[in-house]
Amino acid sequence: EAVSEAVGSQRVAVRLSPTTADSMTYHGAVDEDPVGTYSTAVEGLNRFNMAYLLLSEPRWDFGKYDDNIEKDPGFQTPLVNGDVYRKIYKGVRMGAGGFTPKTAVEALEEGTYDMIAFGRWFIANPDLPEKIRTGAPLNRYNRDTFYAHTEVGYTDYPTLEQRKNGTT
């Protein structure tokens, strides 16, 4: 509320990461009724005219499959939070967590989310929107370089233009 008053609610967004009974927990925190808890929080956010509500999907408890992304079960797991909280939240909903370009389009077309956020794919593809638009292959991300405090894994992934010009 204080932030909305200070900068205007249209410049405020909230990210929630609702868990499910079979998903990973954060720092061991467990909730007997996560849907009830998060539903109350999401309902409360309706009183603000926020830019968006970002909901992370609980698709991260399957280990890392960076050597074989196509086999990563997180990318195959059905969406949960979009459908549950779409009925409650009246504003713009952004989804995150385990989306590929194909599943992002599906979630948008089905009305599950209004927008999709990409993390790992954007790190590895600085021109991700262009690659999605043109259907170009995506660079594979290297999770071992995430948050490593060097340019490796952040500024060394090639763009389409660099690949075309051979300047990678």
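Conventions we followed
- Residues numbered from 1 in each chain as written.
- Predicted model: local features only at pLDDT ≥ 70, side-chain atom pairs only at ≥ 80, totals over all residues.
- Heavy atoms only, no water.
- pLDDT = per-residue confidence, 0-100.
- Helix = DSSP H or I, 4+ residues; strand = E, 2+ residues; numbered from the N terminus.
- Pairing = 2+ DSSP bridges.
- Contact = heavy atoms within 4.5 Å.
- Axes fitted to C-alpha atoms, helices over the stretch in contact; angles between N-to-C directions.
- Expected span 1.5 Å × (residues − 1).
- Buried < 20%, exposed > 50% of the residue type's maximum accessible area, 1.4 Å probe, protein only.
- Arc of directions from axis to C-beta.
- Phe/Tyr/Trp six-rings, centres within 6.5 Å; stacked < 30°, edge-to-face > 60°.

## Description of the confidence of the model for the protein chain
Inference 1: In this model, the protein chain carries a mean pLDDT of 87, and residues with pLDDT of at least 70 account for 89%.
Inference 2: Ranking the helices and strands of the protein chain by mean pLDDT puts strand S4 (residues 115–116) first, with 97, and helix H7 (residues 160–165) last, with 88.

## Observations regarding the sheet that holds strand S3 (residues 93–96)
Inference 1: Read across the sheet, four strands follow the order S1-S2-S3-S4 without closing on themselves; strand pairing throughout is parallel. In the strand order of this sheet, the two ends are held by strand S1 (13–16) and S4, each with one partner.
Inference 2: Alignment of S1 against strand S2 (residues 52–56), held across four bridges, turns out to be parallel. Across the sheet, the residue bridging to Val 14 is Leu 53, located in S2.
Inference 3: This element, helix H2 (residues 34–45), spans S1 and S2 of the sheet and lies at about 170° to S1.

## A few points about H2
Inference 1: Under the 1.5 Å per step criterion, the end-to-end length of H2 is 17 Å for 12 residues, consistent within 8% with the ideal 16 Å.
Inference 2: Taken residue by residue, H2 has Pro 34, Ser 39, Val 42 and Leu 45 as its buried positions. With its buried residues spanning 120° around the axis, H2 presents them on a single face.

## As for the packing of aromatic side chains
Inference 1: Summed over the entire model, instances satisfying the criterion amount to four aromatic pairs.
Inference 2: Taking the centre distance of 6.1 Å and the plane angle of 40° together, the rings of Tyr 141 and Phe 146 count as tilted.
Inference 3: In this structure Tyr 141 comes out as buried when scored by relative accessible area, which is 4%.
Inference 4: Here Phe 146 falls in the buried class, since its relative accessible area comes to 13%.
Inference 5: Ring geometry for Phe 146 against Tyr 147: centres 6.4 Å apart, planes inclined by 80°, an arrangement best described as edge-to-face.
Inference 6: Tyr 147 gets classed as exposed once you look at its relative accessible area, which sits at 65%.

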